[in-house]
Structure formats: C-alpha cells, structure tokens
Amino acid sequence: MRAMVLEAPGSVNLAEVEEPVPGDDDIAIDVSACGVCRTDLQIVSGDLTSRRRPLIPGHQVVGREVGSGRRVGVAWLHNACGVCEYCRSDRENLCVKADFTGWTVDGGYAERMVAKRDFVFAIPDSFDDTAAAPLLCAGIIGYRSLRLSGIQPGGRLGLFGFGSSAHLAIQVARLWGCEVCVFTRSEGERRRAEELGAAWVGGYDDPPPAPLDAAVTFAPVGSVVVAALAKIAPGATVAVNAIHLDEMPRFDYDLLWKERVLRSVANFTRRDAREFLDIAAEIPISARVQTFPLARAQEALDRLDAGAIDGSAVLTL
C-alpha cells in the first residue's frame, strides 16, 4: 500500500509498504480522510521525542472497516491498559501504558491502517469524511480543554490562538452561551473568529473588555500561556491545549496569585470523544478544511507550520 513514512526527523516521504495485519483486538480500516494536526508537525520535526521509526503519522482518521464497511473514526488514543488506577477511574488519558495513533503506532497517512476495536468511534451521518476528520483530534481535545478550563454557560472565555482546534471549540462555547474573546496575531484568524461569533478579537498583549472567567491556550508558545494568565480573573483557570511548548518563560507570581490555576490538558478519554461528537452533530459544527492528496502530506505540514492553513488541513485518499 501507499503511505507517507517518517524515516528521520524533518519530512515524510511517499513509500510502498506492507499492509498492516490486524490482531485479535484490532480492525483493519481503509482510510478515506486523515486530518493533519500540529502534533503531527511536532512529531515529524522532532520537537516531540520519537517513539518509533519508521513511522506512519496521522491520528484524525475516517475510513471504512474492512469486511463490514461501517464508517469509523480513529483518534489520538490508540489504546490503554484498562487495569491501572487511571483506567479504572475513567482517566485512561493518563494511562502510563497507553499507545498513541501516529506516534507510538502507525497512523492514518496511509491507504490502510489498524486500530483497536474498542477505541474507534461512530461518525455522525451529518458529516462527510473530510469534514469529520478534524473533529477527531482538534475537536475532541478542544472540547476537553473547555471542560478543564471550568468555563460555565454564559461565562467570558478567552481563546489564545485560533487554528484548527480553536475554530471548533468556539462553536461549542457559543452553544453554551459564552462571551468569547479571541487573541491572535493573524488578521485572517481574527476575521474568522468574528465570523464564528467572537464578541471581541485582539492580539496577545491587548486587554480584553473585562477579566476572563476561563481561558484556553492553543498556540504552542509559553509566552502565550503567560499572556493568558495576565487576563483571567481571580480563581479562574488557564487550560493549556498543547502536548509540547517551546518553553515556559519566567513570570511574576502575582499573575498566579489569588487562586488562579494553570493546568495542562493531556490527551482525552473515550467519553470526551463520544460527548463531543454528539455535540458536534447537535450544533452542527462547521469545520473549515483545506484538502491535499496523500502524496502532498509534507506540503500540508509545511503550510501548517507557516500559518497558511485556513481552518484544518485534511489528506484525502
């Protein structure tokens, strides 16, 4: 089969590889679409420590189960042990034995992949394959970030960065009646935020109309996290939606004082995925996508790195 393979940090290349063979707990999937995530970019560039090579990246996958033909979605969490304290308390996102699609096991930048039967999701009929792909990471992790930020219906929410995940998260926040303030350097992203219902838009250093009740940072930059801390109200939380930050700069303790909270968002649970997909169908969420054929996956990654993707990039097969 054809696949985009990471042999060494820097780029993925088109190759002919053997089709994967499913195990007893696996299903084989013919891939029809795979979203291109910033985490893929960090894996390919080497910002995230390599867990295996050669590797087929990709963890926002829509396809058909071989044999049954049913449509399924595959996301970042490939599996978890099911018996540790985290798994037994519905926190499989923290399982120390977890595997991750497109990082520790091969993913969806390929014509076929395998996934664990218990870790695939039904895709709402209202979304075609291309529109559904970004929901499977950008959407799910954005939803978990909103939950962990503690934002309440009608609250004032700050979104810092407005790429693939944020443009889906704002639609959930608007469903909850939140007043959303969007912080980004990009004029294009500011326009897109206003189109999607942002009450206020500005740069990272601009003051919002009033202190924020909660914030989520999407830009993988530590200085943006500090900027968010400076804009939340006492007792509020900044949720950091990033698996990797360039660095965390020093900041004055006064920014954290008065019981402000800074917390990371690590992966997601299957409950998060199912809840979000139901909400996405209810809204219904509109995902902006730019499509690329499989062989142009590196171009999609380069454009993502340059900030030249309007919404989400999706590989189509």
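What you are looking at is a predicted structure, and each value in this text was computed from that prediction instead of being measured.

Definitions and limits used
- Every residue gets a number counted from 1 within its own chain, in the order that chain's sequence is written.
- With the structure being a predicted model, the display of local features is reserved for residues of pLDDT at least 70 and the display and counting of side-chain atom pairs for 80 or more, all residues being used for whole-chain, interface and lining totals.
- In computing side-chain properties, one takes all heavy atoms of the structure into account and sets aside hydrogens as well as water.
- Comment: elements are numbered from the N terminus, with helices defined as DSSP H or I runs of at least four residues and strands as E runs of at least two.
- Whether two residues are in contact is decided by their heavy atoms, any of which lying within 4.5 Å being enough.
- Per-residue accessibility, obtained with a 1.4 Å probe over protein chains only, is compared with the maximum for each type, and a residue is labelled buried under 20%, exposed over 50%, and partly exposed between these values.
- By the convention used here, strands pair only if DSSP detects at least 2 bridges between them.
- For the purposes of this section, nonpolar cores are sets of buried Ala, Val, Leu, Ile, Met, Phe, Trp, Tyr and Cys residues that join through side-chain atoms within 4.5 Å.
- None of His or the chain ends enter the tally, which takes Lys and Arg as positive and Asp and Glu as negative.
- For salt bridges, the criterion is a side-chain nitrogen of Lys or Arg within 4 Å of an Asp or Glu carboxyl oxygen.
- Counting of polar contacts relies on pairs of N or O atoms within 3.5 Å, with two restrictions inside protein: one atom must be capable of donating a hydrogen and the other of accepting it, and residues adjacent in sequence are counted only when both atoms are side-chain atoms.

**Comments concerning the environment of P54**
Here P54 shows up in the loop between helix 1 (38-45) and strand 4 (61-65). Setting aside residues no more than four positions away along its own chain, P54 makes contact with V5, L6, E7 and D106.

**A few points about the pairing of strand 3 (residues 26-36)**
Most of strand 3 sits inside the fold, with ten of its eleven residues counted as buried. In the sheet, strand 3 pairs with strand 8 (residues 112-116) via five bridges, with the strands oriented antiparallel. Looking across to strand 8, one finds that A28 is bridged to V114. Pairing between strand 3 and strand 4: five bridges, direction antiparallel. The residue of strand 4 that forms the bridge with C34 is V61. Examined bridge by bridge, strand 3 and strand 17 (residues 312-316) share four bridges and lie antiparallel to one another. Each residue of the ladder has a partner; that of G35, found in strand 17, is V314.

**Description of the nonpolar core**
As a rule of thumb, nonpolar side chains are buried together in soluble globular proteins. Core analysis: the biggest nonpolar cluster contains 92 residues, and Y109, L159 and F276 have the highest contact counts within it. Among the nonpolar cores identified, the runner-up in size contains 16 residues, and A215, A228, I232 and V240 belong to it.

**Section: the side chain of E189**
With respect to the helices and strands, the residue E189 is situated in helix 6 (residues 187-195). No salt bridge is formed by the buried E189. Its closest oppositely charged neighbour is R192, at 4.2 Å. For E189, the side chain forms a polar contact with the main-chain nitrogen of F162, separated by 3.5 Å. Excluding residues that lie within four positions of it along the chain, E189 makes contacts with F162, G163 and T184.

Geometric values such as these leave the question of function open.
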